[in-house]
Structure formats: structure tokens, C-alpha cells
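Overview (structure and organization)
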Amino acid sequence: CRAGPRSSRVHTRRTTVPPTKDSSSVPRDPGSPSGAKVWVFGVVTVIAIPALLFLGLEGALRLAGYGRPTGFLIPDEKPGYVRTNPDFAGFFLPRSFDLRPLNFRIPAKKPPGALRVVVLGESAAQGVPAPAFGFAPQLRALLRTRYPGRDIEVINTGIVAINSHVVYQVAKNLAAFAPDVFIVYLGNNEVVGPYGPGSAFLSKMPPLWLIRLSEAVKFSRTGQLVASLLEKLPRASRRAPAWDGMAMFVDNAVRGDDPRLEKVYRNFEANLGDIVRVATKSGAQTILCTVVANLRDSAPFLSLHQPGLGATELAAWQTAFERGRREWLLDEDAAARSDLEEALRIDPQYADTSFLLGTLELRAGHLDAARKLLVDALHWDALRFRPDPRLNQIIREVAAGKASRVSLVDVARELGADPESPGPPAGREWLFEHVHFDWAGNDRVAQLLARAVEATQGARMTAAGPWLDSAGVARALAYTPHERLAVLRHNADIVRRPPFSNQLTYFLDQAKLAREMAGLEAAGRQPPTLRQAAAMTAAALASDPDNPDLHTIAEGLALESGDIEHALAEARRAAALLPADLALWGDQASLLSQLGRFDEAAAVLDGAARHEADPHRLVPMRAALEIRRHQYDAARAVFDRALVREPHDARLRVMRGNLARIAGHDAEAEREFRAILEAEPGDEAALEALVSLLMASGQTQEAEKASEAMAEAQPRNQLNNLRATQAAEGRGALEASVKYLLRAAQCGPLPTALEVSLARQLHQLGRDNDSLLHLAQARRLSQLDGDAELTGSIEDTIRRLRGGAR
């Protein structure tokens, strides 16, 4: 947004105008009474005419029924109910991101005696990576048990990637639905969300009044018409940006002393104050929460050097830091402390140095010193995905400065994320990664909020039951080891990519996650585990039969047990409790087709098409149905029609290539995959499909050529880097092998044996410092596995190399 058009100068020739007695030709002085009237009239005219035109067009468009609904909650097909608006986030984020609120419906009019609690926030409030187990459903379980027989509604409005500019609009909409309590857990995305300096899609920072005005225009039918016309303008490429998670933000650095942060803080304070004002005006109580950042176990995402360091200083810093990092990995704390303190003296702004020193202080039991260093590391982390203490201080000030209808739950201080917290710095005992809660973190927040909600209601609520403990909440939500595995799989998809892969501790974090998942997978395959999970889910459903999340869990368990009919019944029950939901439509169609009920599956997808605004999302489902019918030509036609509309959708082209392979047309499939890679060399799915096809047909050398040819374009593809490593080793190309293996190590943890192999190859190239670093990492991995013999062998190798490396 701009405050106005760019200024321009118009050069005109001066002319001499003879004087005249006609006063109408004499310019009036705007400072005189008559001149002021003319000036004011001119300004009013300039403003009024466009405003009248806008209002006229707006009225006509509304009468014609043009445009999308703009509220967070919109009328549902079920009479008397409202549902979440799937298009709501598209007014603030690119619509191609397809980021949506959670899908649910509530009565438009609050039932008599019901307690309606609205949770406002971003992805942490939503419950990423598993909203069914976030603090909002945990809070509902706690309140339902505490007040049996009372209708408890906990409305979770959290959306991924938004911030206070959007939450303010959500609060305004929800205020009209008679909420009793607003819970605000907000602050993680103020820098990287809309209008923040670190945003990947909307980083301009106009004044707050202009942000509000631009949002009002976007909500108008006229604004929607203009946006639609702009989308139809011809472009060089029709590809719209797709949501790529936090990886989209890696080039948007914001230093800890960036002057733009002051504007972020001012906007946050204003938005938060307005959210409280809206909530109070609606008659609701407001609970403001400070937000939690992982200080202890989330290394900085991006460390930047202090500006102005000379070459000599940088060289000295590099020597001290790399040696200190190596010693840190080897648990040589005294030596690591000395070297890292020297690195910090040279460059006090490099975030990783403060982080490593902070962990050393933790090992030594110096909590206060550790906390200060870890907070410094957060402050200088230039990818600002973690909230800094200044934001939490603003939350406290807003809570303290408002009326009695506002209370504070200081979650950051309680969980150790505040500089003044009394306990250990917050880490993975509460959080999956940087800000998203694990089960224990959600449980702690829910317990704090449940008591705060109860306090807001005073005598209006009389407790009749006890507070559930964590195990009781787990039983109520059917959170079992089986479901934890699903949660970890989702989380693994998030954290295996940038910016997490840029963290110093990435290899260790990934190794720990992989080992936990492997243990759960081994146990999850056992029939007793599935039976236990099914029994807990059935018990939870008996107590809470209208919970669609529980029916979805039951569906997954039935499917895994091979009971397709039961899975279909549960999918239908979940669908009946929710507004039109594409995922559940797809589940039903897939299950029906597995049962051979193809006509019913097609009818389900036809029903989904009537509800889904974007028919493109149905394409894989329709094609999968035709493939299961063995109607390959019909499936091909589905892809062809979709690709006429979206010719640059590589995902659909890969599917079409896989279809050709299923149909026995390998040559056609190969041409498709190679064509995709020619246009998009970075498309990992196309490369993996091509290599799989070549290997299956015995073309091993061609597969190796394809892997190495694409290695430069796909540096984040670990599987391909490992294949390229093997190909390079096969022809004796040591430097190429090391290059590919180093890239593979940057994509995720390598098996311990491969880390040792990499260290050996680095030593052969004379890169002993790098060799020692990877031996140190291999030592850590062997310790995780409890392999004392391998750990001892690696330590012997390290001792042999240490002299030369120093």
C-alpha cells in the first residue's frame, strides 16, 4: 500500500496573461474567507465524487449478489448455525496459499446457559501441528468435566501465518456472537506476518490507519471486483505462489536492532488494545496471555555478523567459533567456553555464539547466566519467528492498563520463557520446536486458562466436578501413543526443511525425532496397541459423541485395522458434525471406492464439487477414483482438463506421469517426468518418479546420471544427494562424493556410519577441522543410540586427529 501516487513534475511554459477586470479569472487567496470556501469546496469535490462513485458501485454489486462473504463466521447450510469462512484468510494472505481457519459450526444464537469461550491467535493457538490436541480442546475437556451438564463451547479461531492485524478483524466479527470470554494468545507473527518487516508476502509497513483502510477496501465488493480484474490480467506465468511454510521467509532477515521493530511494537500495542476494547464492548471478559518461545532447545534460525567487522576480526572470530563449536559437541566445556567467549568478544551480535554459551551455562547449573545468554540469542536471531520479551511486556502493560474485565495469564513467565522466570529456560519439555506446544505444553496452558476462565465467571458457575489431570485430558481426547506418532509425523514434515535445517543443532534435533518416531512405529504395529487406542477412543466418544475429532481418530484406527466399513461409518459421522469438508468428502470417496462402491464414491465427489469453491482441489480425488476403477483414459482426461486451466501445476503433471506408468506406458511417463524437470529442475517429486521408473526398468546408469544431473538444482533433496554420492564414489570422484555427502548431512541426520565415512573422506582431502566436526557429530549420534563400543572407536579416531587439526 502506498499513501499516494508517486510525485511527478509537470514542466509548462510560462505565458503572460493581460490583466482583466473579470474577478473570476483572478486566483483567490485560500487564506481569505472567500478563498477558503472555494478551496474547501474543491477538496470536498475531489473526495466526494470518487466516494459517491464507490458507494454507487458498491451498492449495485451488493444488490447483484456479487462477491465473497467477508466475515470469519458465515451462515451454514444447517439452519440456525454459522460456520467458519474458508475464504477468510484469503483477504489478508495470497489466496493461492489456501490457508484456512479450522472447519466447524456453532449455533448462531448462543444456547441458554452455555459458556462460549473464543480463542484468538495464530498457529500456536490453533494447535499446530495437531489442533485436535491443542490447548483449546484441552481447555474444553477440562471445563466439561468441571461443569458436567453445562454446554461448553471453545471456539478456536487460530489461523496459520496471521498476526494482530488479522486477529483484530476476527475479534470484531466474533464479538457479535455473544462470547463470554475472549482468550488472546498472540504475538508470534508480528514481524513475519502481514505488514511485518519480515513478511514474505506483505512486508510494507504503512501507517496503521492505512492498513485498516486497505482491509476495509478489500472486504468491500468493489475491492473484490478490482482484485478479480487484476488477477485476470495477462502475466508471463500463471503460477500463483503456493504456501511453503516457514521456508518462504528465509531471505527476510530483521536484525535485533532494526529500527522498523519500533513500528511493529506500536502496531501490536494498538491492535491488542483495540481487541480488548471490542471484547469489552461485547460484554465479554478478556484473558490476555503472554507467549512462549523455546529458549533452551531452539538454536537461532539465522545468525548475522555485526556490521563493520574487518577481515582480520572475521578470521579471528571464525577460528574461535569453529573451535568452540567443535569442543561444545565433544563436551569439552571449559575449552568451549574459552573459545566461544573470545568469539562473543569479537562479535557480540552473532546469535549462535550466545546460544552455545547459554547451553554451557545450563550444563554448569548457572540458570541466570544461561537465561541472559539465551535471551540474547533470541534477540539477535535475524529470522524472527520467536517472540521477543518486548512483545510480552506490551501484553502485560495492556492487561494492567485496562478495566477489570481484563486479566493476565503470564504463560511465558510460568513456562520459563521470560527473562524474569524463576525456573529453567523453556525448552522441549513444553515445545516441539520454536513456539508450538507439545502435549505437555498445551496441557500446562490449558490448566492455567481453565482456572482463569472459572475466575472470570465468579458466582455464575458452580463447580460440580474435579479438574482433570493430564492423563484424564488425554483419555477425554483419545490421545494415545498411536496418535502421538501421527502428531510427530506431521511435525517432522515441518521441521525437516528450512529454516530449521539452518540451525546448529539440526542434525541432533532430527536424530532425536527420528528415534522417537521409530520407537512408536515399532510399538504401533502391534495389535495390542491398536486395540488399546480403539478402546480409549470408544470411551471418549461415549462421553463426547458430538466431537468430530474423535470420530476422525476412530476412522483412522478402523482403517489401519482393515475395517473399511467401520472407517466409512466414522467418516460419515464426522462429516455430519461438520460443515462441508473436502478432506472428509475425499475420505468417504476413497473408502467407498475401496469397497467397490464406485457410483456412490462418484456421487460423494459430485456433492463436494457443489460446495468447494476451487474445483482444482478435487482433481486428485476424481483421478484416484478412475484409477481404482481401472479407467485410465478417464483418469487421464481428468488431469488433462485440469492442466488446461493450470498448465504450470507440476504436481498434477507428476500424477499424470505416474498414471501413465500404472497404465504400462513407461516411455510416456519418462517423457512427462523429464519435461517437468526441464521446466522445473528443482521439482523433487518429478526426479524421484523418474529415478524410480529408471531403476525399475533396469536402467541403473541412466538413473545415476539423472541423479547427478539434478544434484545442483536440488541441494535439499537428501535422498538424491545420497544417490549422487554413491555414483561419485563408484567412479572414484572423492571431491564430488564429499560435496554430495555434505549436502545430504545438511538435509537431515545421516546414519552414524555415514557421518564417520564423511569424516574419513574429509581427512583424505586434508580438511581435518571439518573431519573433526563430523566425527564429533557421529559421536553424539552413537551416544543417542547407546552404542558404547562405537562411541569409543570414534573417540579414538578423534584423538588421533586432534593434533593435526589444532
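Remarks on the overall build of the protein
Each helix and strand in the protein was counted, giving 33 helices and eight strands. Rg of the C-alpha trace for the protein: 30 Å, near the compact-globule value of 28 Å for 806 residues, within the 12% margin. C-alpha extents for the protein along the principal axes are approximately 100 × 70 × 65 Å. For the protein, the proportion of its 806 residues judged to be buried stands at 50%. Considering only contacts within the protein whose residues lie at least 6 apart along the sequence, 69% involve residues at least 24 apart. Split by element, the accessible area of the protein, about 37,000 Å² in all, is 56% carbon and sulfur. Of the side chains in the protein, 97 bear a positive and 97 a negative charge, and the two mean positions are spaced by 7 Å.

Considerations on the confidence of the model for the protein
Averaged over all residues, the pLDDT of the protein is 90; the fraction at 70 or higher stands at 92%. Within the model, the stretch residues 1–33 combines pLDDT values under 50 with 15 contacts to residues more than four positions away or in other chains. Low pLDDT, under 50, characterises residues 35–41; the stretch is placed with seven contacts to residues that sit more than four places away or in other chains.

Some points on the sheet that holds strand 4 (residues 115–121)
Pairing in this open sheet of five strands is parallel, and the strands run 5-4-6-7-8 from one edge to the other. Because the sheet does not close on itself, it has two edges, and the strands there are strand 5 (152–156) and strand 8 (406–409). Looking at each pair of strands side by side, their axes are set apart by 20 degrees on average, direction ignored. With four bridges joining them, strand 7 (residues 285–289) and strand 8 adopt parallel strand pairing. Counted as the bridge partner of Thr-286 is Val-406 from strand 8. Helix-sheet contacts for helix 4 (residues 164–174) involve strand 4, strand 5 and strand 6 (181–185), and the interaxial angle to strand 4 is about 165 degrees.

Overview of the sheet that holds strand 1 (residues 73–75)
Read across the open sheet, the three strands follow the order 1-2-3; overall the sheet is antiparallel. The sheet is open, and its two borders are formed by strand 1 and strand 3 (105–107), each paired with just one other strand. Each strand of the sheet is rotated relative to its neighbour by a mean of 40 degrees, with strand direction disregarded. Relative to strand 2 (residues 81–84), strand 1 runs antiparallel, the two being bridged by three bridges. In the strand pairing of strand 2, Leu-73 is matched with Thr-84.

What to know about unusual backbone geometry
That bond from Val-128 to Pro-129 is cis: its omega, 10 degrees, falls within 30 degrees of zero. Topologically, Pro-129 is positioned in the loop between helix 2 (123–126) and helix 3 (135–146). Across the junction of Pro-498 and Pro-499, the peptide omega takes the value 0 degrees, indicating a cis bond. If you trace the backbone, Pro-499 turns up in the loop between helix 16 (481–495) and helix 17 (506–524). Residues other than glycine seldom take positive phi values, yet Ala-161 does so here, at roughly 80 degrees. By relative accessible area, which is 9% here, Ala-161 ends up buried. Not every positive phi belongs to a glycine, and Asp-331 is a case in point at roughly 60 degrees.

Some words on the packing of helix 19 (residues 548–560) against helix 21 (residues 582–594)
It is at 13 Å that the axes of helix 19 and helix 21 come closest, and there the two elements cross at 25 degrees. Here helix 19 is positioned roughly parallel relative to helix 21, judged by the angle of their axes. Handedness of the crossing formed by helix 19 with helix 21: left-handed. Of the residues in helix 21, those touching helix 19 at Thr-552, Glu-555 and Leu-559 are Leu-584, Asp-587, Leu-591 and Gln-594.

Describing the pairing of strand 7
Among the five residues in strand 7, five count as buried, and that is most of the element. Bridge count for strand 6 against strand 7 is five bridges, and the pairing is parallel. In the sheet register, Val-184 faces strand 7, and the bridge partner there is Leu-288.

Things to note about the pattern of salt bridges
In the structure shown here, the tally under the stated rule is 62 salt bridges. With its nearest N and O atoms 2.9 Å apart, the salt bridge here joins Arg-597 to Glu-600. Judged by relative accessible area, Glu-600 falls into the partly exposed class, the value being 34%. Between Arg-636 and Asp-640 there is a salt bridge; the shortest N-O distance is 2.9 Å. Of this pair, Arg-636 and Asp-640 both sit in helix 24 (residues 632–645), four residues apart, roughly one helical turn. Among the charged side chains, a salt-bridge network with shared partners connects Asp-331, Asp-333, Arg-363, Arg-779, Arg-780 and Glu-795.

Details of the packing of helix 27 (residues 684–696) against helix 29 (residues 718–730)
At a minimum axis distance of 10 Å, the contact between helix 27 and helix 29 shows a crossing angle of 45 degrees. Taken together, the axes of helix 27 and helix 29 are oblique relative to one another. Here the hand of the crossing between helix 27 and helix 29 comes out left-handed. Judged by residue contacts, Leu-687, Glu-688 and Val-691 of helix 27 engage Leu-719, Asn-720 and Arg-723 from helix 29.

Some words on the environment of Leu-659
Position of Leu-659 relative to the elements: it lies in helix 25 (residues 650–662). By relative accessible area, which is 3% here, Leu-659 ends up buried. Spatially, the C-alpha atoms of Leu-659 and Arg-636 are 7.4 Å apart, while their sequence positions differ by 23 residues.

Quick word on the packing of aromatic side chains
Applying the stated criterion across every chain, the model contains 17 aromatic pairs. Plain terms: the ring middles of Phe-72 and Phe-88 are 5.4 Å apart, the flat faces sit at 80 degrees to each other, and that makes the pair edge-to-face. Of this pair, Phe-72 sits in the loop between helix 1 (33–63) and strand 1 while Phe-88 is found in the loop between strand 2 and strand 3, placing the two residues 16 residues apart along the sequence. With a relative accessible area of 2%, Phe-88 lands in the buried category. Here the aromatic rings of Trp-317 and Tyr-350 are separated by 4.5 Å at their centres, their planes lie at 65 degrees, and the arrangement is edge-to-face. Of this pair, Trp-317 sits in helix 8 (residues 311–329) while Tyr-350 sits in the loop between helix 9 (333–346) and helix 10 (351–363); the two residues are 33 residues apart in sequence, bridging distant segments of the chain.

Details of the environment of Tyr-479
When you line up the elements, Tyr-479 lands in the loop between helix 15 (470–477) and helix 16. Along the primary structure Tyr-479 and Glu-521 are separated by 42 residues, whereas in three dimensions their C-alpha atoms are 16 Å apart. Beyond its immediate sequence surroundings of up to four residues, Tyr-479 is in contact with Phe-133, Asp-438, Trp-439, Ala-474, Arg-484, Val-487 and Met-536. A distance of 3.0 Å separates polar atoms of two side chains, one belonging to Tyr-479 and the other to Arg-484.

The rules behind each value
- Residues numbered from 1 in each chain as written.
- Predicted model: local features only at pLDDT ≥ 70, side-chain atom pairs only at ≥ 80, totals over all residues.
- Heavy atoms only, no water.
- Helix = DSSP H or I, 4+ residues; strand = E, 2+ residues; numbered from the N terminus.
- Rg over C-alpha atoms; globule rule 2.2 N^0.38 Å.
- Buried < 20%, exposed > 50% of the residue type's maximum accessible area, 1.4 Å probe, protein only.
- Contact = heavy atoms within 4.5 Å.
- Areas by Shrake-Rupley, 256 points an atom, 1.4 Å probe, with all protein chains shown as cover.
- Lys, Arg positive; Asp, Glu negative; His and termini not counted.
- Charge placed at Lys NZ, Arg CZ, Asp CG, Glu CD.
- pLDDT = per-residue confidence, 0-100.
- Pairing = 2+ DSSP bridges.
- Axes fitted to C-alpha atoms, helices over the stretch in contact; angles between N-to-C directions.
- Parallel < 35°, antiparallel > 145°, perpendicular 65-115°, else oblique.
- Left-handed = near helix turned anticlockwise from the far one by under 90°.
- Salt bridge = Lys/Arg side-chain N within 4 Å of Asp/Glu carboxyl O.
- Phe/Tyr/Trp six-rings, centres within 6.5 Å; stacked < 30°, edge-to-face > 60°.
- Polar contact = N/O pair within 3.5 Å; in protein donor to acceptor, adjacent residues only side chain to side chain.

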